[in-house]
2 protein chains.
Amino acid sequence: MTADPSTRQRRAQQEQEQPKAHEGQRETPSGRRHYLPAQLRREHILTTSREVFARSGLKGARTRELAAAAGINQSTLFEHFRSKEELFIAAVVEPLGETIDKSRQRMNGYAEAGNAEDLRGLLQAGMLENLHGMVEIYPLLVQALYSDVELGKAVYREHLAPFISARAEIAQDMLGDGIDARLLQLASFGMMFAVVLDRACREDAAQPTSQEEQQQELADIARQLTDLITLGAPPPKPK
Amino acid sequence: MTADPSTRQRRAQQEQEQPKAHEGQRETPSGRRHYLPAQLRREHILTTSREVFARSGLKGARTRELAAAAGINQSTLFEHFRSKEELFIAAVVEPLGETIDKSRQRMNGYAEAGNAEDLRGLLQAGMLENLHGMVEIYPLLVQALYSDVELGKAVYREHLAPFISARAEIAQDMLGDGIDARLLQLASFGMMFAVVLDRACREDAAQPTSQEEQQQELADIARQLTDLITLGAPPPKPK
């Protein structure tokens, strides 16, 4: 997924050491377009469509606009995807499922923590990973959930609800009585969603500027939210 | 606000004792439409438009559809609102601000709690009120935040962010070191948002059927989330 600028920045950093497999295959030095192999063309359409969908939504995005963003004409677009809706599912909804799967795998490690302190460390690391993932998928998540009421409900039921239930099942044994394991997972998801909503909507002046500041901010948030979930909000010291 | 069925149900119950001021003024017994006074007409347009916006979104809603829902023609609609966007602000964004103001007023009472137990009781009652409010405004909140990227950012900055900051200021003195007061408020907002998202997307079969069951479910959630925020998730008992 490389839908938004922050994703691109992170990916660019992550991939510094890796060979850039597709680079140079899209345009010749003269600037004229190559005919890409079908699979690469398809991936290119998915990448550019994510940007259009994140900006205009499912209903707002025009097929012409989606084709133009990929540098192709509409008939080529329809060779790859039968409809705008099919393209939306492949570009936006399917990657959501992949991100969610990663998070689910991480959760399995928590059950093996030796004591409360170890568990809190694991939870904090997982929270940070999830926050990073949420920052990346936020524009797509929002489009998937809120572009269209019925589609949103389907995405929630097929992707998010099973994810939350799977985490709840793993968390069950790590919890005492008094809170429903599913509600706790739902609450954690909501906390992260709100943090990322806040980041996405803040004035540019309030945004951390450097990559390091952004990392530090998310790490602080992960620590505070983990403490909140495991210990509760700290009461004031008596004066 | 009477945008969604659950709102209508709650309002219907709340207003059972109150005289229904506008009833019968919209249609004569023969079914023919009265000419409403401008203020009543305006309110009627706002009510019916909320349903259209909640269903179709700002971009998806057609002026013709908005006029038809109010039982008027488009020229009458434009006598009251200069544009679809102006109608959206009046119908969806402004009521959000009112709901938020109510919640802010409630928060002032928390500062007067005598001890931790009293505070938890007040927090739980406030959480329940907020959950009810969130269930009501959820369709409008989602439309306001996600109908349009720029509008959503503006709504967040002008309505939600100041609300969260105001609550954080009040909460400041009730908190010890280790968590940012604003992050705590943001996290609480997110928890409630996720609970309401879950309710909105669940299969109908999983929804509580009666009014009493719904009230009971929200009361349980309010208790659990308040305990989570004040005490943390309970660790398992040693075997």
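The rules we used
- Residues numbered from 1 in each chain as written.
- Chains lettered and ligands numbered in written order.
- Predicted model: local features only at pLDDT ≥ 70, side-chain atom pairs only at ≥ 80, totals over all residues.
- Heavy atoms only, no water.
- Helix = DSSP H or I, 4+ residues; strand = E, 2+ residues; numbered from the N terminus.
- Contact = heavy atoms within 4.5 Å.
- Areas by Shrake-Rupley, 256 points an atom, 1.4 Å probe, with all protein chains shown as cover.
- Salt bridge = Lys/Arg side-chain N within 4 Å of Asp/Glu carboxyl O.
- Buried < 20%, exposed > 50% of the residue type's maximum accessible area, 1.4 Å probe, protein only.
- UniProt positions renumbered as here; feature names shortened; annotations may be inferred.
- Core = buried A, V, L, I, M, F, W, Y, C linked by side-chain atoms within 4.5 Å.
- Least-squares fit on C-alpha atoms with pLDDT ≥ 70 in both.
- Axes fitted to C-alpha atoms, helices over the stretch in contact; angles between N-to-C directions.
- Parallel < 35°, antiparallel > 145°, perpendicular 65-115°, else oblique.
- Left-handed = near helix turned anticlockwise from the far one by under 90°.
- Nonpolar A, V, L, I, M, F, W, Y, C, P; charged D, E, K, R; others polar.
- Patch = residues over 30% accessible without salt bridge, like charges linked within 9 Å, V, L, I, M, F, W, Y side chains within 5 Å.
- Lys, Arg positive; Asp, Glu negative; His and termini not counted.
- Charge placed at Lys NZ, Arg CZ, Asp CG, Glu CD.
- Expected span 1.5 Å × (residues − 1).
- pLDDT = per-residue confidence, 0-100.

Looking up chain A in an unreviewed UniProt entry gives the name TetR/AcrR family transcriptional regulator, with the organism given as Mangrovimicrobium sediminis.

## Section: the overall build of chain A
In terms of regular secondary structure, chain A is built from nine helices and zero strands. Each helix and strand of chain A, ordered N terminal to C terminal, gives the series α-α-α-α-α-α-α-α-α. Intrachain contacts of chain A at a sequence separation of at least 6 include 64% that bridge at least 24 residues. Surface exposure of chain A reaches about 12200 Å², of which carbon and sulfur atoms provide 50%.

## Some words on the pattern of salt bridges
Oppositely charged side chains can pair when the atoms bearing their charge come close. Going through the model one piece at a time under the given rule, you end up with 18 salt bridges over all chains. Linking Arg120 of chain A and Asp227 of chain A is a salt bridge whose minimum nitrogen-to-oxygen distance equals 3.9 Å. Of this pair, Arg120 of chain A sits in helix H6 (residues 116–146) while Asp227 of chain A sits in helix H9 (residues 211–231); the two residues are 107 residues apart in sequence, bridging distant segments of the chain. By relative accessible area, which is 23% here, Asp227 of chain A ends up partly exposed. Here the salt bridges share partners, and the residues they tie into one network are Arg182 of chain A together with Asp198, Arg199, Arg202 and Glu217 of chain B.

## Structural notes on the UniProt feature "DNA-binding region" (unreviewed entry) in chain A
Under the local residue numbering, the UniProt record ascribes the feature "DNA-binding region" (unreviewed entry) to residues 62–81 of chain A. As annotated, residues 62–81 of chain A comprises 75% helix and 0% strand, and the C-alpha atoms at either end are separated by 14 Å.

## Remarks on the environment of Glu86 of chain A
Mapped onto the fold, Glu86 of chain A is located in helix H5 (residues 84–110). Ignoring anything within four residues of it in the chain, the contact list for Glu86 of chain A reads His80 and Phe81 of chain A.

## With respect to the environment of Thr47 of chain A
Among the structural elements, Thr47 of chain A can be located in helix H2 (residues 38–60). In this structure, the C-alpha to C-alpha distance between Thr47 of chain A and Val92 of chain A, residues 45 residues apart in sequence, is 9.6 Å.

## Looking at the nonpolar core
One finds Tyr146 and Phe193 of chain A together with Tyr146 and Phe193 of chain B to be the most contacted residues of the largest nonpolar core, which totals 126 residues. Setting aside anything within four residues of it in sequence, one finds Tyr146 of chain B in contact with Tyr138, Val142, Tyr146, Phe193 and Leu197 of chain A together with Phe193 of chain B.

## Remarks on the relation of the copies chain B and chain A
The operation relating chain B to chain A is a screw motion whose rotation component is 180 degrees, with 0.0 Å of axial translation and a residual RMSD of 0.1 Å. Both copies of the chain, as the preceding transformation shows, are related through a two-fold rotation axis. When you check the interface residues of chain B against chain A, 100% turn up at the interface there too, and the contact is symmetric in its surfaces.

## Side note on the packing of H2 of chain A against H6 of chain A
Residues and elements named next belong to chain A. One way to put it is that H2 packs onto H6 with a least axis distance of 9 Å and a crossing angle of 45 degrees. By the criterion of interaxial angle, the relationship of H2 to H6 is oblique. Helix-helix and strand crossings are classified by hand; for H2 and H6 the assignment is left-handed. Contact residues: H2 offers Arg50, Phe53, Ala54, Gly57 and Leu58, while H6 offers Pro139, Leu140 and Gln143. In the contact of H2 with H6, the residues fall into five nonpolar, two polar and one charged.

## Focus: the packing of helix H6 (residues 116–146) of chain B against helix H7 (residues 149–171) of chain B
Residues and elements named next belong to chain B. Between H6 and H7, the least distance of the axes is 10 Å, while the angle of their chain directions is 150 degrees. Compared by their axis directions, H6 and H7 come out roughly antiparallel. Of the residues in H7, those touching H6 at Asn130, Leu141, Ala144 and Leu145 are Leu151, Gly152, Val155, Tyr156, Leu160 and Arg167. Residue composition of the contact of H6 with H7, by class: seven nonpolar, two polar and one charged.

## What about a positive patch on the surface?
On the surface, a cluster of positive charge is made up of Arg62 and Arg64 of chain A together with Arg62 and Arg64 of chain B. Relative to the helices and strands, Arg62 of chain A resides in the loop between H2 and helix H3 (63–70).

## A closer look at H9 of chain A
Residues and elements named next belong to chain A. Over its 21 residues, H9 runs 30 Å from end to end, which matches the ideal 30 Å to within 8%, given 1.5 Å per residue. Listed in full, the buried residues belonging to H9 are Gln211, Leu218, Ile221, Ala222, Gln224, Leu225, Thr226, Leu228 and Ile229. Of the residues trailing H9, Gly232 is marked for its positive phi of about 85 degrees.

## As for the confidence of the model for chain A
The predicted coordinates of low-pLDDT regions are not to be read in fine detail. Residue and element names in this part refer to chain A. The pLDDT averaged across chain A works out to 81; a share of 85% of its residues lies at or above 70. When pLDDT is averaged over each element of chain A, H3 comes out on top at 96 and helix H1 (residues 5–14) at the bottom at 46. Low pLDDT, under 50, characterises residues 1–5; the predicted model gives this stretch 21 contacts beyond four residues in sequence or across chains. In this model residues 7–28 is a low-confidence stretch, pLDDT under 50, and it forms 28 contacts with partners more than four residues away in sequence or in other chains.

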